[in-house]
Structure formats: C-alpha cells, structure tokens
Amino acid sequence: MHNELGRNDYCWCGSQMKYKKCHAAFDDKIRFYQEQGCTVPTRDLIKTPEQVKGIRESAKINIAVLDYIAKNIRAGLTTEDIDQLVYEKTTELGGEPAQLGYHGFPKSVCTSINDQICHGIPSEKVTLCEGDIINVDASTIYKGYFSDSSRMFCIGNVDKEKEKLVRVVRECIECGLQEVKPWGFLGDMGQAVHEHAVKNGYSVVKDIGGHGVGLEFHEDPWVGFVSKRKTEMLMVPGMIFTIEPMVNMGTDEIKLDEKNGWTVYTADGKPSAQWEVMVLITEEGYEILAY
C-alpha cells in the first residue's frame, strides 16, 4: 500500500509521534480490508488534524455565505444578484469563491432553478419568480483550504409537489448520514439515499455525484447515490467528502446545455432538487463541516 515505516519512525501524518503509537494500527486495519478486495483510501485522502482545522475555518465561511443568502433571497432578485451577494460576502470574510474561474466557470456560485439539476450559471436575465425552487451551491477557498455545500430555497408560495421534492431530498441526506461511520462503506450511504428517494416516487441522478474535498476543490473519492451496501470506498477517520444527491421528480436522465457547456437539466423538464453537506469521518462517527 505504501512504503513501510519502522515502528519507531515518525508517523506519516505529521503528528511527530512514533508510528507505533499513532497510525500503525490504523494502517493495519486498512491493509486488512484491502486484502479482502475492498477499495480503500490512499494516505493523501486522510486529512491531518492541522489540515482539518484549516478546512473547518473555510467551511465556517461557506456556512456564513449561505446563511447570508438565506436572509436575502426572494422573488425579484436575479441570479446575477445572488452571484454578487456570494462574491461580496465571501471576500468580506477573507475567502475566495472556489467556483470562480474553475475550469473556466464564469461566476462565483451555481444557481440551479426548477429543472436545472446543477451548475446553473448566474445571469442578469434570470429573475426569481414566485413558486420557483433554486439550489444555491457555494464553495470557498480560505488560506488554501476548500469547502463546499449547497442549499435549496423555495421562493414564495411553492406548490405542494415541489415542496415535497425539496423536503424529501433533505430527508435523503439524513438517511445517508445514518450510514456514515468509520469502517463502513460509501455504498452503505448511497443505498440509503437512493432507497428513500425511490420510496417517495423520485429518481436519483446516476452520472453526477459527490466528491472528496479539502486540499483541492474536487478530490477522490467520487461519491455516488445509487450504490449498494458493502461497495465503494471504505470510510475511515480523516476522510472528508460531500453528500449531495440530485433527486428528480421524473426521469433520472439528464441533458447538458450545449451552449454554455455547464448547466445540466432534467431530460423531461420536470423539477430537480439537491442539498449538499460536507462531512468529516471521525473515530466516533462523522462531523458535518459545511451545510
């Protein structure tokens, strides 16, 4: 798996402790699962306490930005207005919007309305209207550390079908979190998310998922939400990833806006909703870093 350390060498995690008193037993446990044919994380996916501290500070900004949007979002705003609010609040707090310029993305936030599944590009031509649902997906860089989360917002009086969709997606997150624990599998979480969505008559997007995050915007592992228990990567303390199922009222089929190359829509034009949380696996369970 890695170059072997002597038991009295300094641990690879940077703790300045001897390996035998720090990560030796941890590595032995990972090696056991690997020998059983399981997909296990590499050491670069295990965050050190110092890194977690920095990532947590970035996440605090991300939460504050979405709290700020929650206080100000309303019918009549354009999605460009939301972009400006995100940029101003993020920079005011000392951060940078991670999405701005990422692979050429032109804005500071993703704003995905109604049948837009994800990666909606803010525009002064798109105005929020009574009855819309919108996902606002914010990401922050702070002192080199990355955070990422998103929330759904109902604009004014939303019909019961859309309101239920938004509620059920949040419930899917809660169902998934019940399966997030050290030495479990990402597939345990994915199956719980998928089952709850299907039970409520919805479909889950297969082709887009969550991801590791913290030292980069997008890291391994890729996190799916139609997976099966006892499959996908082993979850171990120190891993950080997002849980962000995209749940559709109709088909799970998607289509890409070929003009902008970013925005993903439902193939049948029916609404989609998504929540995103960023979680750290701990020795006892998990910690939600950003929401």
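Data block above holds the structure.
What counts and what doesn't
Residues numbered from 1 in each chain as written. Predicted model: local features only at pLDDT ≥ 70, side-chain atom pairs only at ≥ 80, totals over all residues. Heavy atoms only, no water. Pairing = 2+ DSSP bridges. Helix = DSSP H or I, 4+ residues; strand = E, 2+ residues; numbered from the N terminus. Axes fitted to C-alpha atoms, helices over the stretch in contact; angles between N-to-C directions. Contact = heavy atoms within 4.5 Å.

Our focus in this paragraph is the pairing of strand β15 (residues 286-290). Here strand β14 (residues 277-281) runs beside β15; their pairing, made up of four bridges, is antiparallel. From the neighbouring strand, Met 278 faces β15, where its bridge partner is Ala 290.

A separate point is the sheet that holds strand β12 (residues 264-266). If you trace the three strands from one edge of the open sheet to the other, you get β3-β12-β11, paired in antiparallel fashion. Lying at the two open borders of the sheet, with one neighbouring strand each, are β3 (116-118) and β11 (254-256). Each neighbouring strand pair of the sheet contributes to a mean axis angle of 40°, computed without reference to strand direction.

The next thing to look at is the environment of Val 52. Note on placement: Val 52 falls in helix α2 (residues 49-72). Between the C-alpha atom of Val 52 and that of Gly 214, which follows or precedes it by 162 residues, the distance is 8.1 Å. For Val 52, the contacting residues outside a window of four places in its chain are Lys 47 and Leu 280.

With that out of the way, let us pick up the sheet that holds strand β13 (residues 272-274). A sheet is described by the order of its strands in space; here three strands give the open sequence β6-β10-β13, paired in antiparallel fashion. Looking at the sheet topology across the chains shown, the edges are occupied by β6 (203-204) and β13. Bridging between strand β10 (residues 246-248) and β13 involves three bridges; their strand directions are antiparallel. Bridged to Asn 248 within β13 is Ser 272. Across the sheet, helix α4 (residues 160-177) touches β10 and β13, and the angle it forms with β13 is around 35°.

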